[in-house]
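Read off the chains here:
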Amino acid sequence: MKNVLVTRFEPEDLSFISEYSKNMDLDKSAAVRELYRQGRRFVAIKMYEGKKATLGKASHVAGMPISEFMTLLEELQIPTTVTKQDVLEGLKNLREARK
């Protein structure tokens, strides 16, 4: 780990983290990191659904490449206005424009 963050939790939150870490067979630090990653994805999805973020911005908030975020949206049956093919074509055009 590169950085350490010290934080305080309410007793019920700490109890949840302890239970979650046991159920997932993780130490508490790994459990908190996993819950944080899941929280980022949840926030990103809500931002995207609420039209508060573009696909690119939401994928950044989620901490995922656009293609992975699009797959996540697909799995959750959340419609997008952009297809994976659109993204791939856009990247191809960008690469060609940089030449």
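Note: the structure precedes this text.
Here goes a summary of the coordinates provided. Because the structure is a prediction, the values reported are computed rather than measured.

## Some words on the nonpolar core
Of all hydrophobic cores here, the largest spans 14 residues; its most connected members are Ala-44, Ile-45, Tyr-48, Leu-55, Ala-58, Phe-69 and Leu-73. Sorting the residues of this core by element identifies helix H2 (28-49), helix H3 (55-62) and helix H4 (66-75) as the ones contributing at least two each. Excluding residues that lie within four positions of it along the chain, Tyr-48 makes contacts with Ala-53, Thr-54, Leu-55, Ala-58, Phe-69, Leu-73, Pro-79, Thr-80 and Thr-81.

## Let's talk about the packing of helix H1 (residues 11-23) against H2
Any two packed helices are characterised by how steeply their axes cross, that is the angle between the axes, and by the distance between the axes. Interhelical geometry of H1 versus H2 gives an angle of 100° and a closest axis separation of 9 Å. In this view, H1 runs roughly perpendicular relative to H2, as classed from their interaxial angle. Residues Phe-16, Ile-17, Ser-18, Tyr-20 and Ser-21 of H1 touch H2, and the partners they reach there are Lys-28, Ala-31, Val-32, Glu-34, Leu-35 and Gln-38. Split into classes, the residues belonging to the contact of H1 with H2 amount to six nonpolar, three polar and two charged.

## Let's talk about the packing of H3 against H4
Where H3 contacts H4, the axes come no closer than 9 Å and their chain directions differ by 95°. Overall, the two elements H3 and H4 adopt an arrangement that is roughly perpendicular. Between H3 and H4, the residues in contact are Leu-55, Gly-56, Ala-58, Ser-59 and Ala-62 and Ile-66, Phe-69, Met-70 and Leu-73, respectively. Of the residues contributing to the contact of H3 with H4, the split by class is seven nonpolar, two polar and no charged.

## As for the packing of aromatic side chains
Counting across every chain of the model gives two aromatic pairs. Both rings, one in Phe-16 and one in Tyr-20, keep their centres 6.0 Å apart while their planes meet at 25°; by these two values the pair is stacked. Taken together, the residues span about one helical turn, with Phe-16 and Tyr-20 both in helix H1 at a distance of four residues. Overall, Phe-16 belongs to the partly exposed group, its relative accessible area being 48%. Tyr-20 sits in the buried class, given a relative accessible area of 12%. Between Tyr-48 and Phe-69, the aromatic rings sit 6.4 Å apart at their centres with planes inclined by 85°, giving edge-to-face as the arrangement. Pair noted here: Tyr-48 is in helix H2 and Phe-69 is in helix H4, with a separation of 21 residues, a long-range link. Grouping residues by exposure puts Tyr-48 and Phe-69 together as buried.

Reading the values: the criteria
- Residue positions are given per chain, counting from 1 as you read along its sequence in written order.
- Local features in a predicted model are, by the rule used here, given only for residues with pLDDT of at least 70; side-chain atom pairs are given and counted only at 80 or more, and totals for whole chains, interfaces and linings are based on all residues.
- Remark: hydrogens and water are excluded; side-chain values derive from all non-hydrogen atoms of the structure.
- Grouping buried Ala, Val, Leu, Ile, Met, Phe, Trp, Tyr and Cys residues that are joined through side-chain atoms within 4.5 Å yields what is termed a nonpolar core.
- Only protein chains enter the area calculation, which uses a 1.4 Å probe; residues under 20% of their type maximum are buried, those over 50% are exposed, and those in between are partly exposed.
- To qualify as a helix, a DSSP run of H or I must reach at least 4 residues; to qualify as a strand, a run of E must reach at least 2; elements of each kind are numbered from the N terminus.
- We call two residues contacting when some pair of their heavy atoms lies within 4.5 Å.
- Angles run from 0 to 180 degrees between N-to-C directions of axes, and those axes are lines fitted to C-alpha atoms, restricted for helices to the stretch in contact.
- For this classification, under 35 degrees means roughly parallel, over 145 means roughly antiparallel, 65 to 115 means roughly perpendicular, and everything else is oblique.
- Each residue is assigned to one of three groups, with Ala, Val, Leu, Ile, Met, Phe, Trp, Tyr, Cys and Pro labelled nonpolar, Asp, Glu, Lys and Arg labelled charged, and all others, Gly among them, labelled polar.
- Ring geometry is summarised as follows: Phe, Tyr and Trp rings, the Trp one being its six-membered ring, pair when their centres sit within 6.5 Å, and such pairs are stacked at plane angles under 30 degrees, edge-to-face over 60 and tilted between the two.

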